[in-house]
Amino acid sequence: MRRVARPGGTAAMSTWAAEHPLGLFGPMTEAMQETGLAEPFPGAFDAGSYCLSVADLADLLQAAGFRDVAVQTVELDATWPTAEAATSPLLGTPYGPQVSALPDDARRQLLARFAGKLGDSAAGVTVRTVSNIARGTK
């Protein structure tokens, strides 16, 4: 990013916050592992491969030569009317094609296991995602 930024330009990036649970992806990957689904690519189920701490993200930008680096932690709640509805984002992830290709019974079992990890209430299901958002100037 630094290489293509103009002098004085700002670059921004966001990662899931390593200091917090992985939002919807934590229960999602747990359910896939528990049902014996293979990783669609190496490290797909390793949460550490898509999370960075505030310090690590700041260090990364500084090591790349950015200055005035700032990192902010932001929380976002997503709410669905039911746990079953909350499982639908799975099909829009890199896991989607593999899940869609499962036999109907296996797919239903996976989605039920995933939904069970989310809980359910009359008020729906709310999942908090926490991201570390960084910016730096070239």
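Read on for an overview of the structure. Please read these numbers as outputs of a predicted model, since none were measured by experiment.

### Quick look at the sheet that holds strand S1 (residues 10–17)
Argument step 1. If you walk across this open sheet you meet the four strands as S2-S1-S4-S3, and the pairing is mixed. Every interior strand has two partners, whereas the edge strands, strand S2 (51–52) and strand S3 (67–80), have only one.
Argument step 2. Pairing of S1 with S2 involves two bridges; the strand directions are parallel. Its bridge partner being in S2, Ala17 is matched across the sheet by Leu52.

### Topic: the pairing of strand S4 (residues 125–137)
Argument step 1. Direction of pairing for S1 relative to S4: antiparallel, over a ladder of seven bridges. Its bridge partner being in S4, Ala11 is matched across the sheet by Gly136.
Argument step 2. The sheet contact formed by S3 and S4 spans 12 bridges and is antiparallel. Note on S4: the bridge partner recorded for Val71 is Ala134.

### As for the nonpolar core
Argument step 1. Counting 23 residues, the largest nonpolar core has Met28, Met32, Tyr95, Val99 and Leu118 as the members making the most contacts within it.
Argument step 2. At the level of elements, helix H1 (25–34), helix H3 (83–86), helix H5 (104–118) and S4 are the ones that each hand at least two residues to this core.
Argument step 3. Discounting chain neighbours no more than four positions away, the residues touching Val99 are Met32, Leu37, Leu90, Leu91, Arg107 and Leu110.
Argument step 4. Counting residues in hydrophobic clusters, the runner-up holds five residues, among them Ala11, Leu57, Phe66 and Ala134.

### Here's the deal with unusual backbone geometry
Argument step 1. The backbone phi angle of Asp68 is positive, close to 50°, even though this residue is not glycine.
Argument step 2. Tracing the sequence through the fold places Asp68 in strand S3.

### Regarding the environment of Pro21
Argument step 1. Inspection of the secondary structure puts Pro21 in the loop between S1 and H1.
Argument step 2. You can call Pro21 exposed: its relative accessible area is 68%.
Argument step 3. Remark: the alpha-carbon pair of Pro21 and Val130, spanning 109 residues in sequence, is separated by 7.7 Å.

Rules of the game
- Residues numbered from 1 in each chain as written.
- Predicted model: local features only at pLDDT ≥ 70, side-chain atom pairs only at ≥ 80, totals over all residues.
- Heavy atoms only, no water.
- Pairing = 2+ DSSP bridges.
- Helix = DSSP H or I, 4+ residues; strand = E, 2+ residues; numbered from the N terminus.
- Core = buried A, V, L, I, M, F, W, Y, C linked by side-chain atoms within 4.5 Å.
- Buried < 20%, exposed > 50% of the residue type's maximum accessible area, 1.4 Å probe, protein only.
- Contact = heavy atoms within 4.5 Å.

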